[in-house]
Amino acid sequence: MNAKANLTPRRTNKSDIQPRRMDFEFEADIPRYWFGGDQFKTVLLSALSCTFPEGERFFVRSVRHYQKGITDENLKEEVKGFIGQEAHHGNEHEAFNAFLEARGIPAKKVEEFVLRGLKWQGKFLSPKRQLAKTCALEHFTAMLAETILEHPEMLEGMDKRVLPLWFWHAVEESEHKSVAYDVYQDQEGGYWTRTSEMAVTTLEFLGFTIFHYFQLRGGMDDKRDLRSVLRGFNWLLGKPGWLRKLGPAYFAYYRRDFHPSQRDSRALREAGLKRLAALLDKPELLEEPAA
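The text that follows walks through the structure, step by step, so that each part is easy to find. Not measured: the values here are computed from a predicted model.

Observations concerning the overall build of the protein chain
Looking only at helices and strands, one finds 10 helices and two strands in the protein chain. Sequence-ordered secondary structure for the protein chain, helices as α and strands as β, is β-β-α-α-α-α-α-α-α-α-α-α. Here the protein chain has a C-alpha radius of gyration of 18 Å; the compact-globule value for 291 residues is 19 Å, and the two agree. If one aligns the C-alpha atoms of the protein chain with their principal axes, the spans along those axes are about 55 × 40 × 35 Å. Taken across its 291 residues, the protein chain has 54% of its residues classed as buried. Of the contacts made within the protein chain by residues no fewer than 6 positions apart, 80% connect residues no fewer than 24 positions apart. When the accessible surface of the protein chain is summed, it comes to about 13900 Å², and 56% of that surface belongs to carbon and sulfur atoms. The averaged location of the 42 negative side-chain charges in the protein chain is 4 Å from the averaged location of its 43 positive side-chain charges.

Focus on the side chain of His-169
Residue placement: His-169 occurs in helix α5 (residues 163-175). At 3.2 Å, the side chain of His-169 forms a polar contact with the side chain of Glu-56. Setting aside its immediate chain neighbours within four residues, His-169 contacts Phe-52, Glu-56, His-89 and His-93.

Looking at the nonpolar core
Formed by 80 residues in total, the largest nonpolar core has its most connected members in Trp-34, Phe-96, Leu-155, Met-158, Trp-166 and Val-183. No other element matches the 12 residues that helix α1 (residues 39-64) contributes to this core. Excluding residues within four positions of it along the chain, Trp-34 makes contact with Thr-42, Leu-45, Ser-46, Phe-96, Phe-99, Leu-100, Gly-157, Met-158, Asp-159, Val-162 and Trp-166.

Things to note about unusual backbone geometry
Backbone phi values are negative for most residues with the exception of glycine, while trans is the configuration of most peptide bonds. Backbone torsion omega between Lys-239 and Pro-240 reads 5°, so that peptide bond is classified as cis. Here Pro-240 lies in the loop between α8 (226-237) and α9 (247-252). A positive phi is found at Asp-23, a non-glycine position, where the angle reads about 55°. Mapped onto the elements of the fold, Asp-23 is located in the loop between β1 (2-3) and β2 (24-25). A relative accessible area of 21% means that Asp-23 is categorised as partly exposed. Phi at Asp-281 takes a positive value of approximately 55°, unusual for a residue other than glycine.

Notes on the side chain of Gln-130
Within the secondary structure, Gln-130 is located in helix α4 (residues 127-150). Each residue touching Gln-130, except ones within four places of it in the same chain, is listed here: Phe-58, Ser-62, Gln-121, Gly-122 and Leu-125.

Some remarks on the pattern of salt bridges
Summed over all chains, the structure comprises 22 salt bridges. When the shortest N-O distance is used, the salt bridge between Glu-172 and Arg-20 registers 3.1 Å. Of this pair, Glu-172 sits in helix α5 while Arg-20 sits in the loop between β1 and β2; the two residues are 152 residues apart in sequence, bridging distant segments of the chain. Residue classification places Glu-172 among the buried positions, given a relative accessible area of 0%. The closest approach of N and O atoms between Asp-221 and Arg-32, which form a salt bridge, is 3.1 Å. With Asp-221 in the loop between α7 (191-218) and α8 and Arg-32 in the loop between β2 and α1, this residue pair connects regions lying 189 residues apart in the sequence. Taking the relative accessible area as the measure of exposure, Asp-221 reaches 68% and is therefore exposed.

Quick word on the packing of α1 against α7
Contact geometry of α1 with α7 gives a least axis separation of 9 Å together with a crossing angle of 115°. The orientation of α1 relative to α7 falls into the category roughly perpendicular. Both α1 and α7 take part in a crossing whose hand is right-handed. When α1 is examined against α7, the residues Gln-39, Phe-40, Val-43, Leu-44, Ser-46, Ala-47, Leu-48, Cys-50 and Thr-51 are found in contact with a partner set consisting of Phe-205, Thr-209, His-212, Tyr-213, Leu-216 and Arg-217. Counted by class, the contact of α1 with α7 contains nine nonpolar, five polar and one charged residues.

Looking at the packing of helix α2 (residues 73-102) against helix α6 (residues 179-187)
α6 packs onto α2 with a crossing angle of 135° between their chain directions and a minimal axis gap of 10 Å. Taken together, α2 and α6 sit at an angle that is classed as oblique. As for the relative orientation of α2 and α6, their crossing is left-handed in sense. Here Leu-75, Glu-78, Val-79 and Phe-82 of α2 come into contact with α6, specifically with Val-179, Asp-182, Val-183 and Asp-186. Residue classes in the contact of α2 with α6 are distributed as five nonpolar, no polar and three charged.

Thresholds, definitions, all that
- Residues numbered from 1 in each chain as written.
- Predicted model: local features only at pLDDT ≥ 70, side-chain atom pairs only at ≥ 80, totals over all residues.
- Heavy atoms only, no water.
- Helix = DSSP H or I, 4+ residues; strand = E, 2+ residues; numbered from the N terminus.
- Rg over C-alpha atoms; globule rule 2.2 N^0.38 Å.
- Buried < 20%, exposed > 50% of the residue type's maximum accessible area, 1.4 Å probe, protein only.
- Contact = heavy atoms within 4.5 Å.
- Areas by Shrake-Rupley, 256 points an atom, 1.4 Å probe, with all protein chains shown as cover.
- Lys, Arg positive; Asp, Glu negative; His and termini not counted.
- Charge placed at Lys NZ, Arg CZ, Asp CG, Glu CD.
- Polar contact = N/O pair within 3.5 Å; in protein donor to acceptor, adjacent residues only side chain to side chain.
- Core = buried A, V, L, I, M, F, W, Y, C linked by side-chain atoms within 4.5 Å.
- Salt bridge = Lys/Arg side-chain N within 4 Å of Asp/Glu carboxyl O.
- Axes fitted to C-alpha atoms, helices over the stretch in contact; angles between N-to-C directions.
- Parallel < 35°, antiparallel > 145°, perpendicular 65-115°, else oblique.
- Left-handed = near helix turned anticlockwise from the far one by under 90°.
- Nonpolar A, V, L, I, M, F, W, Y, C, P; charged D, E, K, R; others polar.

Shown next as C-alpha cells:
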C-alpha cells in the first residue's frame, strides 16, 4: 500500500486536531488474509472496518447537530478538526472495504446493514442520545487505538501494506478522543444518559461485531479455520488478551469525574506517527502543519 497524496500537514483549523489526507491505495497482490495469513484476525478487523464509513458519518452528524450552539472558541476549532478527521477515516475505510470486497470478503453486505441500523437509530434516538452513543463509541475506538499505539505488537504479522491504515487511524482517534465528550458536556451534560448509553452501546458493539464476523464468513467461499478461531480467542481473552486488558480504561468511563484527557497520550501519538512515517517512507508527516 502507498499513500499517493502530498502528506505535508496543512492546518485546517486553529486547534491541535489536524486532518491528514492519506489517499491510501491497496495493491492487487495483497492477500485475502492480510493479517499474517490468519483467517480469524483478518475477518474480525474486516468486520470493524466495514462499520467505520457509516459509523464515522453518524459521529459527525451527532456532533454537527450541536455545532452552532458552541460558544467556546477552542472547542469550535476542535470540532472542525474532529469532523475533518472522521470524514477522512470514513473515506479511507470505504476504499479499504472495496479492497476487501475484491478479495471475496463481502464488506458491502455489512456496510448496508450498518447504514440501515444507523438510519433507524437516527430516527428514534434523541440528539442527546445520539451524541451520548458517539461519546461511548469514541471511547471504544480511543481505547483500541491507544492499545495499538502502546503495544504495536498487537498487530504483529499484519501485511505492511495494510498496517499504515490502522496506525494512521489510531493516531487520529487518540488525537480527537475528547471532542465529542466535550461537546456533550458543553451542550447537554448528564451522568445517567452518558453512562446508560455506554452500557447499551457496549452490548451493541460486542454483539454486532460478532454478528458482522459471521456475516462476512457466511459470504466467503472457504472453510472456517477452527484453529485460527481458537488462537483468536486466546489473542483477545487469554494471553496476551488484548480485549481483556481494556477493562480498567472501560470502567473508568462510569466515574462521575471521568474525562478522556485524564490519560495523557501525547507520547504514544508521537511514537505512532513516527512509526507511520517510517512505514510509508513519508518523513513529511512529522512536520508541523503549515498555515
